[in-house]
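Fold and contact review
Listed below, chain by chain, are the residues.
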Amino acid sequence: MGNAMQPRWLYSRYFLSNIQFLCQKRGFFSDRPSKLRQQPEKIAVIGGGITGLTAAYYASQRYPLAFITLFESSMRLGGFIESEYVSLDEGTAVVCEKGPRTLRANAPRAPVTYGLIHALGLSENLITVPKQCLTGRTRYILYPDHLVRIPAFNNTLVRRHIAAVPAPSTLQARQLLRLLYVLATEPLFSGLLGGLLRSVCFLASRSPDIHDESIGSFLSRRFGHRLVDNFASAVMNGLCAGDIYRLSTKALLPGLWDLETRADKGRKGQNGLLWLRRRPRDCRTDAQRLINITLASQSRYREDDLIERLRNGPAGELETTLRGTSVFSFRRGLQELPSSLEAALIKADNVQLHTETSVEKIRHCDGGLECLISGPTGTTTEIFTHAIATMPYNHVLSVANMNNPPITTVTVMLVTLCFNTPFLNRPHRGFGYLIPNSVPAHQNPEHALGVIFDSDAMPDQDQEVSCTKITVIFGGHWWDGRSVASLPTKSEGLRMARRLLRRHLGITEDPVASVVTLQQDAIPQYEVGHCERMARFHGLLLERFAGRLRVAGGSYRGIGVHDCVFSARSVVEGLEIEGLTGLECFVDGEKTQTP
């Protein structure tokens, strides 16, 4: 539900200030490419989702003398972002999202999206939800058989070490009292006090042999399994549709991982930086390690510099305007963003767009990269100086013929129902509710992940229509191992959604319209070992393609729209620098997250 979390990187100011000095001295932060760097002349962008479109757009602007070709294997551009207008009675229509439906206004990477919105002239099309409104501050969790209201807030501790929550930074007195009452009386939070005491007073140090750990295991050591299964699993179901006992703490909750690491060092009386910790069986010289550390830090500072430059321009002005906003979208749905990118690329003189055309193979050659391209007219071979692969990681492995462990992806089904009667979800007004893994089977036999009250989540989207619009999300990790043939059909999904809403909310009214979307292998899972897997992939890309092939997208550094836009622009701005892949942040484990 919504975008994936976006944790904050944690670094030593002293170390990075020295690296920043070295990088500035070597000219890594100049706005214009140096003549000493490899100049992109012919760029292939593989994949036409939001990442590929963004990469092609910024590549066409940053390298006006280069020729850019975008390849998309399907018939349409935009990837999983797709908005559909659905007709209701009396000639009215509503917007139904088949993928993401809102963007968080306070996300750390939002300025890059704001810059794109300004450049495309979409600022006037924004619709927003204030933080202080009911839907901006209210979420629910189903447990065990009723909805538990949880006032959301985004205080400094949460924002710094866990995630930027789309909610007010503080709770009002009434909200605080409500939260304390819920914590004390609801079975959902049973064991919370004991878990907090154990975490503070009796927690043993983490074994030095553990270099990553599942979120479920990490939180259970501190708070016990009950709170993890009842509460934390619901949050992860909503964020990435994943199994909390397989998802990586180091990749998805780096702030907490780093805090525990530093706390362990403090208990042992150790000082020094995380990046200086000696790793077993590391036979590299100090100089080799310093090169890797510098590379990762250069990546961080390039990206920090990008955010800072954007905040000093129109993107910063838009960010300031939306400071009191929880989430936002566009008047005609999120598809306005990729559609505007497509229109801009069609007008660009140095860009070609090819749909129903796939890149089957990539290999390194003397002139750069040789790509085997399959399209409606047949198969051809073309040489590019650079390529940006924005398709899923597993597809990159296949196309580039690389031997690295694959990652798990999950399938979700979204069922949007429109009812004539407004406010059918009353008295449960708010963004929606999540369903934890511990809910009794008879309460969730359909294996739903959560429910979004679309009419509340984005109330200004369908101003001329008075109706109730609700989306039910099924699948995710619950459908692991199921074949495509065994997945629910659209009619079965519709029946499942109606049964669930009748059971949970008492909604028996027949919908006047519905949209059912099956998104196969839509959400990559950052499971335990993700950072190490990406670090190895970085090395393989350099070894096989000498920095000519770069990667960006949801498989690596965040699955949300902000993450994809950010990774695309970051890769483009470093395209002329040798020795990069888009995965420098994972090198030598200096980054403890999906940067």
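Residues numbered from 1 in each chain as written. Predicted model: local features only at pLDDT ≥ 70, side-chain atom pairs only at ≥ 80, totals over all residues. Heavy atoms only, no water.

1. Some remarks on the overall build of the chain
For the chain, the count of helices and strands is 19 helices and 20 strands. For the chain, the share of sequence-separated contacts (at least 6 apart) that also reach a separation of at least 24 residues comes to 77%. Summed over all atoms, the accessible surface of the chain reaches about 25,300 Å², with 53% contributed by carbon and sulfur. (Helix = DSSP H or I, 4+ residues; strand = E, 2+ residues; numbered from the N terminus. Contact = heavy atoms within 4.5 Å. Areas by Shrake-Rupley, 256 points an atom, 1.4 Å probe, with all protein chains shown as cover.)

2. Comments concerning the state of the cysteines
Taken as a whole, this structure holds zero disulfides when the rule is applied. Of the cysteine sulfurs around Cys96, a residue in no disulfide, the closest is that of Cys418, at 4.2 Å. Judged by its relative accessible area of 1%, Cys96 is buried. (Disulfide = S-S within 2.5 Å. Buried < 20%, exposed > 50% of the residue type's maximum accessible area, 1.4 Å probe, protein only.)

3. Considerations on helix α19 (residues 561–573)
With 13 residues, α19 should reach 18 Å at 1.5 Å per residue; the first-to-last C-alpha distance of 19 Å fits that figure. Burial within α19 is extensive, with 13 of its 13 residues counted as buried. (Expected span 1.5 Å × (residues − 1).)

4. Things to note about the pairing of strand β3 (residues 83–87)
Pairing between β3 and strand β4 (residues 93–97): five bridges, direction antiparallel. By the bridge assignment, Ser87 is partnered in β4 with Ala93. What sits between the antiparallel neighbours β3 and β4 is a turn of five residues, in which Glu90 has the positive phi angle 60°. (Pairing = 2+ DSSP bridges.)

5. Comments concerning the pattern of salt bridges
It is possible for side chains of opposite charge to pair when their charged atoms get near one another. Throughout the structure, instances matching the rule amount to 25 salt bridges. One salt bridge connects Glu527 with Arg246, and the closest N-O pair in it is separated by 2.8 Å. One end of the pair, Glu527, is in the loop between β19 (513–524) and α18 (530–545); the other, Arg246, is in the loop between α9 (225–240) and α10 (249–252), and 281 residues separate them in sequence. Take Glu527: its relative accessible area is 17%, and that puts it in the buried class. In this structure, Arg557 engages Glu303 in a salt bridge whose closest nitrogen and oxygen atoms are separated by 2.9 Å. (Salt bridge = Lys/Arg side-chain N within 4 Å of Asp/Glu carboxyl O.)

6. Here we look at the confidence of the model for the chain
Mean pLDDT for the chain: 85, with 82% of residues reaching 70 or above. Low confidence marks residues 270–282, where pLDDT is under 50. Its contacts with residues over four positions away, or in another chain, come to 21 contacts. Predicted confidence for residues 589–595 stays below pLDDT 50, and this span has 40 contacts to residues more than four positions away or in other chains. (pLDDT = per-residue confidence, 0-100.)

7. Focus on the nonpolar core
With 57 residues, the main nonpolar core has Ile362, Phe537 and Leu549 as its most contacted residues. Setting aside anything within four residues of it in sequence, one finds Phe537 in contact with Tyr393, Val396, Leu397, Met402, Asn404, Val551, Tyr556 and Leu583. (Core = buried A, V, L, I, M, F, W, Y, C linked by side-chain atoms within 4.5 Å.)

8. What to know about the sheet that holds strand β12 (residues 368–375)
Taken together, three strands build an open sheet; the order of strands is β11-β12-β13 and the sheet is antiparallel. Each edge of the open sheet is held by one strand with a lone partner, namely β11 (358–365) and β13 (378–384). Direction aside, the axes of adjacent strands within the sheet are offset by 20° on average. The pairing of β12 with β13 spans seven bridges and is classified as antiparallel. Looking at β13, one finds that Leu372 is bridged to Thr381. (Axes fitted to C-alpha atoms, helices over the stretch in contact; angles between N-to-C directions.)

9. Some details on a nonpolar patch on the surface
A grouping of Leu176, Leu177 and Leu180 is seen on the molecular surface, where their side chains present a nonpolar patch of about 300 Å² in accessible area. Within the element layout of this structure, Leu176 appears in helix α6 (residues 173–185). Looking at Leu176, the relative accessible area reads 40%, which means it is partly exposed. (Patch = residues over 30% accessible without salt bridge, like charges linked within 9 Å, V, L, I, M, F, W, Y side chains within 5 Å.)

10. A look at the packing of helix α15 (residues 393–400) against α18
Packed helices, taken two at a time, are described by the angle between their axes plus the distance between the axes. Packing of α15 against α18 leaves a shortest axis separation of 13 Å and a crossing angle of 30°. Classed by the angle they form, the pair α15 and α18 counts as roughly parallel. Classified by chirality, the crossing of α18 by α15 is left-handed. Residues Tyr393, Val396, Leu397 and Ala400 of α15 pack against Arg533, Met534, Phe537, Arg544 and Phe545 of α18. Looking at the contact of α15 with α18 residue by residue, the classes come out as seven nonpolar, no polar and two charged. (Parallel < 35°, antiparallel > 145°, perpendicular 65-115°, else oblique. Left-handed = near helix turned anticlockwise from the far one by under 90°. Nonpolar A, V, L, I, M, F, W, Y, C, P; charged D, E, K, R; others polar.)

11. Here we look at the sheet that holds strand β5 (residues 103–104)
Here three strands make up an open sheet; going across it, the order is β5-β9-β6 and the pairing antiparallel. Of all strands in the sheet, those with a lone pairing partner are β5 and β6 (126–130), marking the two edges. On the sheet, helix α3 (residues 110–119) packs against β5, β6 and β9 (325–330) and is oriented at approximately 35° with respect to β9.

12. Topic: unusual backbone geometry
The step from Tyr143 to Pro144 runs through a cis peptide bond, and the omega angle for that step is -20°. Structurally, Pro144 is set in the loop between β7 (138–142) and β8 (147–151). Here the residue pair Arg426 and Pro427 is connected by a cis peptide bond, since its omega of 10° sits within 30 degrees of zero. Tracing the sequence through the fold places Pro427 in the loop between β15 (409–419) and β16 (432–434). A positive phi is found at Asn401, a non-glycine position, where the angle reads about 55°. Position of Asn401 among the secondary structure elements: in the loop between α15 and β15.

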